[in-house]
Amino acid sequence: MSDTTEVKKENMVMEHLVSLTYRERLTPNLNRFADCLLDGNIVGHKCPSCGRVYVPSKGYCPLCVVATEERDEVEVADTGTLTGFTIVTPVAYYGQEETEAFVYASVLLDGADTPLGGMDIVGVPHEQLRAGLRVRAVWKPKGERTVQGISNRGWGGLDSVIEAFEATGEPDATEDIFKEHTF
Amino acid sequence: MPATDIAIVGFAQTPSRRECNQSEVQLLVPTVTEAIASAGIERREIGFTCAGSCDYLTGGPFAFVSNLEAAGAWPPISESHVEADGAWALYEAWLRLQEGDIDIALAFGSGKSSPSDPGEVWAQQLDPYYLAPLGVDPVSLAGIQARALLDSGKATERDFAAVVARSRGQAKTNPNAQQAGDVDVDTLLAEPYYRAPLRKHDLPPISDAAVAVILARGDKARQLCSRPAWIRGFDHRVEAHQPGVRDITTSSSTTLAARKAGYDGGPLDVVELSSTFSPQEIVLRESLGLGVDTNINPSGGPLAGNPIMAVGLVRIVEVASRIVDGSANRGLAHATSGPLLQQNLICLLEGE
């Protein structure tokens, strides 16, 4: 019998770090969305077929399957309704920078048919958050806005332009705003 | 052999471009719509949809889900996705039609290689122990294959250049081609090596594009199209993942797939090969037993436009379009996947 060497677990594990680099231009519809955000305006595309307003624009209406163009651009308000939310209690893991419970809310802007996701709500105790709460955008000062985080994925990156949403003090919206929508 | 007659009755493709500033879905929306229009059907008549794409290309997790929006997924539809070239999506749609309960299916393939570095991305499809950590990229692998081909005496560098010159010349009549024009073999051979023995022109361009196909069954196909491109055989076979254990100067899985698809060595009016690097045309030609006078890649092939995840389905469309317009009666299309022709698909098409 030959000597058997004990194989340690760490000798059986190989580290293989992968890094992939992507460089892309924003699609024309998202480029326009980003430019307008820097000026404090929120724009989307209105489907020429069904009239639904997508914010930001995808460059097409997924329900009618028609392309939308710059001529379909509409501006929507920076006020809206909280349609759903999650209170996230962070646990420590690599990359998690939050330590306190925070809000991840969807806000349906007035004039839009698609909500903005992942929004923070400030000035309202978490236990008072509710679907239907009327909110308005808290913009970063013009010079501090950046749109680097906006990508062709079509979501995220808004927090470097709009810090959060705050309550307007108006009466809550009725459940009618949920009709014909999936949030 | 297929249990039922299934044919290509509609199709559309975008041109191949080095960089398209629309999203992959934006490329697909008009392409799928045009394919549906070319078949003369309503979108809701489609009984099954299958898409082929790869999220690594644009780095968008679940990008393939957004791509489905180009099919019109509301009200809900019956659909599937393959993390492969659209040719495999067409294969799944063809299989689904054989069930016999639906008459029409849609398949599409799309890819934008422009946002990433193909050398970086495609190294990741190799085995994670030996090759991926080395970062072996497709061009280096193709160079090894080209060298093996030269060493075997099966081809010369002049043969590689001749493939390029012919492909680019043929691409001149293809409005979707990205690289086309008259080039002379001696001029090509005077170019420096890029990854010896390959020169830059032996490589395909980096491309963004999308393609869509409508399949119909039996009488429905005859009703929709005056000259459907019937799928007489469809098969795909796979070899060992590790290129080092294969004879890379030939492609046994291509030979087998062609045999299983029913290709008997008879005359072909048109052949479209996914020969991504010029030496691969020589490998595939031998594996399929194609004579020197065979009409190969009249579109210019992948050397004229290489939208990864669409390029194989484009080959099938290039053959089908020639059957539908009556300029060809029998043709063979080839698609490939994996490192160095690891997996190969053959689609044999015929007019009535």
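In the block above lies the structure referred to throughout.
This structure is a prediction, so every number in the text was calculated from the model and none was measured. (Residues numbered from 1 in each chain as written. Chains lettered and ligands numbered in written order. Predicted model: local features only at pLDDT ≥ 70, side-chain atom pairs only at ≥ 80, totals over all residues.)

**Looking at the overall build of chain B**
Within chain B one finds 11 helices and 11 strands. Dimensions along the principal axes, computed over C-alpha positions, put chain B at roughly 55 × 45 × 35 Å. Taken over 352 residues, chain B has a buried fraction of 58%. Looking at chain B alone, contacts between residues at least 24 apart form 78% of all its contacts between residues at least 6 apart. (Helix = DSSP H or I, 4+ residues; strand = E, 2+ residues; numbered from the N terminus. Buried ≥ 20, exposed ≤ 12 C-beta atoms within 10 Å, placed from the backbone. Contact = placed C-beta atoms within 7 Å.)

**Description of the packing of helix α9 (residues 252–260) of chain B against helix α10 (residues 278–288) of chain B**
The relative placement of two packed helices comes down to the angle between their axes together with the axis-to-axis distance. Residue and element names in this part refer to chain B. Where α9 contacts α10, the two axes come as close as 8 Å, and the packing angle between them is 45 degrees. By the angle class used here, α9 and α10 are oblique. Handedness of the crossing formed by α9 with α10: right-handed. Contact residues: α9 offers Thr-254, Thr-255 and Ala-258, while α10 offers Leu-284, Ser-287 and Leu-288. (Axes fitted to C-alpha atoms, helices over the stretch in contact; angles between N-to-C directions. Parallel < 35°, antiparallel > 145°, perpendicular 65-115°, else oblique. Left-handed = near helix turned anticlockwise from the far one by under 90°.)

**A few points about the packing of helix α5 (residues 138–152) of chain B against α10 of chain B**
Residues and elements named next belong to chain B. At a minimum axis separation of 9 Å, α5 and α10 run at an interaxial angle of 55 degrees. The angle between the axes of α5 and α10 places the two elements in the oblique class. Judged by the twist between their axes, the crossing of α5 over α10 is left-handed. Facing Gln-145, Ala-146 and Leu-149 of α5, the residues of α10 in contact are Pro-279, Ile-282 and Val-283. Across the contact of α5 with α10, the residue classes break down as 5 nonpolar, 1 polar and no charged. (Nonpolar A, V, L, I, M, F, W, Y, C, P; charged D, E, K, R; others polar.)

**Here's the deal with the interface of chain B and chain A**
Each side of the interface is counted separately: chain B has 24 residues, and chain A has 20 residues. Residue assignment for the side of chain B that touches chain A shows that the elements contributing at least two residues are α1 (24–39) and α4 (118–121) of chain B. No other element matches the 5 residues that α1 of chain B contributes to the side of chain B that touches chain A. Across the side of chain B that touches chain A, the residue classes break down as 11 nonpolar, 10 polar and 3 charged.

**Some words on the sheet that holds strand β5 (residues 73–76) of chain A**
All names here are of chain A. An order of β2-β1-β5 is seen for the 3 strands of this open sheet, with the pairing classed as antiparallel. Single-partner strands in this sheet number two, and they are β2 (53–54) and β5. Pairing between strand β1 (residues 42–46) and β5: 4 bridges, direction antiparallel. Directly across from His-45, in β5, lies its bridge partner Glu-73. Contacts from helix α2 (residues 28–38) reach β1 and β5, with the element oriented near 150 degrees to β1. (Pairing = 2+ DSSP bridges.)

**Quick look at unusual backbone geometry**
Across the junction of Val-55 of chain A and Pro-56 of chain A, the peptide omega takes the value -10 degrees, indicating a cis bond. Here Pro-56 of chain A is to be found in the loop between β2 and β3 (60–61). Across the junction of Ala-196 of chain B and Pro-197 of chain B, the peptide omega takes the value 5 degrees, indicating a cis bond. Among the structural elements, Pro-197 of chain B can be located in the loop between β5 (193–195) and β6 (198–199). At Leu-340 of chain B, a position not held by glycine, the phi torsion is positive, near 45 degrees. With respect to the element layout, Leu-340 of chain B can be found in the loop between β10 (330–337) and β11 (343–350).

**Thoughts on α10 of chain B**
Think of an α-helix as 3.6 residues a turn; residues three or four steps apart then line up on the same face. All names here are of chain B. Among the 11 residues of α10, 9 are classified as buried, and the element is accordingly described as predominantly covered. Turning to α10, its buried residues number three or more, namely Ser-278, Pro-279, Gln-280, Glu-281, Ile-282, Val-283, Leu-284, Ser-287 and Leu-288. Buried positions along α10 lie against α5, α6 (157–170), α9 and β10. Of the residues flanking the end of α10, it is Gly-289, one or two places downstream, whose phi is positive at about 65 degrees.

**With respect to the pairing of strand β11 (residues 162–167) of chain A**
All names here are of chain A. Bridge count between strand β9 (residues 121–122) and β11: 2 bridges; the pairing is parallel. When the sheet's bridge partners are listed, Val-122 is paired in β11 with Glu-166. Sheet analysis places strand β10 (residues 134–139) next to β11, joined by 5 bridges and oriented antiparallel. When the bridges of β11 are listed, Trp-139 appears paired with Ile-162.

**So, the sheet that holds β9 of chain A**
Two orientations exist for strands paired in a sheet by backbone hydrogen bonds: parallel and antiparallel. Residue and element names in this part refer to chain A. Strand order in this open sheet of 6 strands is β8-β7-β6-β10-β11-β9, and the pairing throughout is mixed. Looking along the sheet, the strands with just one partner apiece sit at the ends: β8 (116–119) and β9. Pairing between strand β6 (residues 79–88) and strand β7 (residues 102–109): 8 bridges, direction antiparallel. Across the sheet, the residue bridging to Val-88 is Phe-102, located in β7.

**Comments concerning α1 of chain B**
Taking 1.5 Å of rise per residue, the 16 residues of α1 of chain B would be expected to cover 22 Å, and the 23 Å separating its terminal C-alpha atoms lies within 8% of that figure. Extensive coverage of α1 of chain B is indicated by the burial of 13 of its 16 residues. (Expected span 1.5 Å × (residues − 1).)

**Description of the pairing of β7 of chain A**
All names here are of chain A. The pairing of β7 with β8 spans 2 bridges and is antiparallel. When the bridges of β8 are listed, Val-107 appears paired with Leu-116. Taking the residues that link successive antiparallel strands as the turn, the β7-β8 hairpin has 6 residues, and the phi of Gly-111 there is positive, at about 100 degrees.

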